[in-house]
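Listed below are the residues making up each chain.
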Amino acid sequence: MGKFISLTTAVPGPKSQAIAKRQSGVVASPMNDALSPAYIAEGHGALVTDVDGNTFIDLTGGWGCMAVGHSHPRVIAAIKDQVDHYVHTDFTSVPYEPYVTLAEKLVRLAPGDFEKTVALFNSGAEAIENAVKIARHVTGRSGVVVFDRAFHGRTLLTMTMTHKAKPYKAGFGPFAPDVYRMPFVTPYHPSIRVDEWERLLGTYVDPSTIACFVVEPIQGEGGFRVPSDGFLQMLREVSHKYGILLVVDEIQAGVGRTGKFFSIENWNIAPDIICSAKSLAAGMPLSAVIARKDLTDRLPGSSIGGTYVGNPVACRAAIEVLNIVEEEHLMDRALAIGGLIRSRWDAWKETYPIIGDVRGMGAMQALEFVKDRTTREPATVLNGQIIKDCLQHGVLVAGSGIYGNCIRMLVSLEVTDDQLNEALDVLESAVAKADAELRV
Ligand SMILES: Cc1ncc(COP(=O)(O)O)c(C=O)c1O
């Protein structure tokens, strides 16, 4: 029990257990391994309350979708207002203003001193698929370069672009052709030097056949890996050199989480195409491809799209999200949240040898757990224990990393310092227990 956490039953409580029983017979089994065994009844800001009346502090933020928090009153009001008028037409059948208003806002926010356009879709994977379609069409090339430890989705093409075999790819082949994986150069997992990257690329594929590089400026599922100095600038230079388009996947890192609206702005780089989703519409299914206008002007009508893409209810939610991020200064708040987290996590690193690395930008911070700081052998099982321990004590926390040995912070930027400190107290006691176990 704390000021915010309130557990009145064991987790899961009897009502959650009863629903889980019903679920197991009728819901496809891949959906049956949720982080939380407790079913949500209410979500507000950084807190969720389950059907048994237990309240948790949610550091997962709907897997990175709730930068403005659960049920932000302005988002809810916009959704309700839109539902009172119309819910769906298909924008290419009967168009509507919220799509246009959102596009105007996104082109203003996107970096780059050139004209841009916006195409809206439903999911992150769909945005990536369409970014690649655009890049292939306008360059007349088919090659796509992606990175080790990347995650781009679970459709055929994006699953191919995603690194991790289990659970995302094993048994689901054959994969999409012409996708090449290159090192994502970071300080903690060194592979090659930034200045070797271009030479290595040429050993895998003729650069003149590549349509695009698709990169997460800070990798999400890969464990919040921040690239080494000069890496993203090098990609921009190499892409220019060979006429390759630079596509950035801002699906997890965007919408203010790193202290800039798009994380790529931290490096002053203007990509050719930006993909956004997750926190963009506070949980409504919406993604955006923001591209150079001279690129999308070359595509035939109806060559990209879909029945539900850019749904008006989702557009209204997204417009409100963008207003909230600006008017409530959530990018400054992301930096303050990051400062609070780092002041505690950097100190933990001195105390708990299980912590191999602390890294991130703004509120997007991660801990990597290792069995040994020299070998950096992943402490995967203990990471799982830490996550479970937190859950049992009222904190929902997300794992990540190719070896499942990282904790990542995806908390709402509306979290208060008191809430965050209470959650971090629970996390610290779980880390301390795991650390002690490692030393037995
Ligand atoms: C960086 C990144 N790209 C793409 C995706 C895929 O998005 P979606 O699950 O909405 O298809 C995700 C989802 O976690 C992501 O984190």
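This is a predicted model, so every value here is computed, not measured.

A. Focus on the overall build of the protein chain. For the protein chain, the count of helices and strands is 13 helices and 15 strands. Taking 22 Å as the expected radius of gyration for a compact globule of 440 residues, we find that the protein chain reaches 22 Å, a close match to that expectation. Across its three principal directions, the C-alpha atoms of the protein chain cover 60 × 60 × 45 Å. Here the analysis covers contacts within the protein chain between residues at least 6 apart in sequence; of these, 74% occur between residues at least 24 apart.

B. Local environment of the domain arrangement of the protein chain. As far as domains go, the protein chain holds domain 1 (56-68 + 331-438) and domain 2 (76-327). Relative placement of domain 1 and domain 2: their C-alpha centres are 26 Å apart. Taken together, the contacts link 25 residues of domain 1 with 29 residues of domain 2. Of all the secondary-structure elements, those providing two or more residues to the side of domain 1 that touches domain 2 are helix 2 (61-64), helix 11 (330-351), strand 11 (355-361), strand 12 (364-369) and strand 15 (406-408). Looking at side-chain class alone, the side of domain 1 that touches domain 2 contains 14 nonpolar, 7 polar and 4 charged residues.

C. Seen up close, the pairing of strand 10 (residues 287-292). The buried fraction of strand 10 is high, at 6 of 6 residues. The pairing of strand 9 (residues 273-276) with strand 10 spans 4 bridges and is antiparallel. Pairing of I273 across the sheet is with A291, part of strand 10.

D. Structural view of the pairing of strand 1 (residues 40-44). Here strand 1 runs beside strand 2 (residues 47-50); their pairing, made up of 4 bridges, is antiparallel. Bridge pairing in strand 2 links E42 to T49. In this structure, the hairpin formed by strand 1 and strand 2 is closed by a connection of 2 residues, where G45 is found at a positive phi of approximately 60°.

E. A look at the packing of helix 3 (residues 73-83) against helix 10 (residues 312-327). Orientation of helix 3 relative to helix 10, taken along the N-to-C sense of each, is 150°, at an axis distance of 8 Å. Taken as axis vectors, helix 3 and helix 10 run roughly antiparallel relative to one another. Crossing handedness for the pair helix 3 and helix 10: right-handed. Here helix 3 contributes R74, V75, A78, I79, Q82 and V83 to the contact with helix 10, which in turn contributes P312, V313, R316, A317, I319, E320, V321 and I324.

F. A look at the site of the ligand. Neighbouring residues of the ligand: 14 residues in total, closest S123, G124, A125, I251 and Q252. Residue composition of the shell around the ligand, by class: 5 nonpolar, 6 polar and 3 charged.

G. Layout of the sheet that holds strand 14 (residues 398-400). Reading across from one edge, 11-12-15-14 is the order of the 4 strands in this open sheet, with antiparallel pairing throughout. Strand pairing shows two members of the sheet lacking a second neighbour, strand 11 and strand 14, which therefore form its edges. Taking the axes of each pair of neighbouring strands and ignoring which way they run, one obtains an average angle of 25° across the sheet. Bridging between strand 12 and strand 15 involves 3 bridges; their strand directions are antiparallel. Bridge pairing in strand 15 links E368 to C406. Set on the sheet, helix 11 makes contact with strand 11 and strand 12; between it and strand 11 the angle comes to about 165°.

H. Representation of the sheet that holds strand 6 (residues 179-182). In space, the 7 strands of this open sheet follow the order 4-10-9-8-7-5-6, with mixed pairing throughout. Strands at the two margins of the open sheet, each flanked by one partner only, are strand 4 (116-121) and strand 6. Ignoring strand direction, the axes of neighbouring strands in this sheet form an average angle of 20°. Taken strand by strand, helix 4 (residues 97-109) contacts strand 4 and strand 10, and its axis lies near 130° from that of strand 4. The strands that helix 5 (residues 124-139) touches are strand 4, strand 5 (143-147), strand 7 (210-215), strand 8 (245-249), strand 9 and strand 10; relative to strand 10, the one it contacts most, it runs at about 25°.

The rules behind these values
Residues numbered from 1 in each chain as written. Predicted model: local features only at pLDDT ≥ 70, side-chain atom pairs only at ≥ 80, totals over all residues. Helix = DSSP H or I, 4+ residues; strand = E, 2+ residues; numbered from the N terminus. Rg over C-alpha atoms; globule rule 2.2 N^0.38 Å. Contact = placed C-beta atoms within 7 Å. Domains from an automatic or database assignment. Nonpolar A, V, L, I, M, F, W, Y, C, P; charged D, E, K, R; others polar. Buried ≥ 20, exposed ≤ 12 C-beta atoms within 10 Å, placed from the backbone. Pairing = 2+ DSSP bridges. Axes fitted to C-alpha atoms, helices over the stretch in contact; angles between N-to-C directions. Parallel < 35°, antiparallel > 145°, perpendicular 65-115°, else oblique. Left-handed = near helix turned anticlockwise from the far one by under 90°. Near = placed C-beta within 6 Å.

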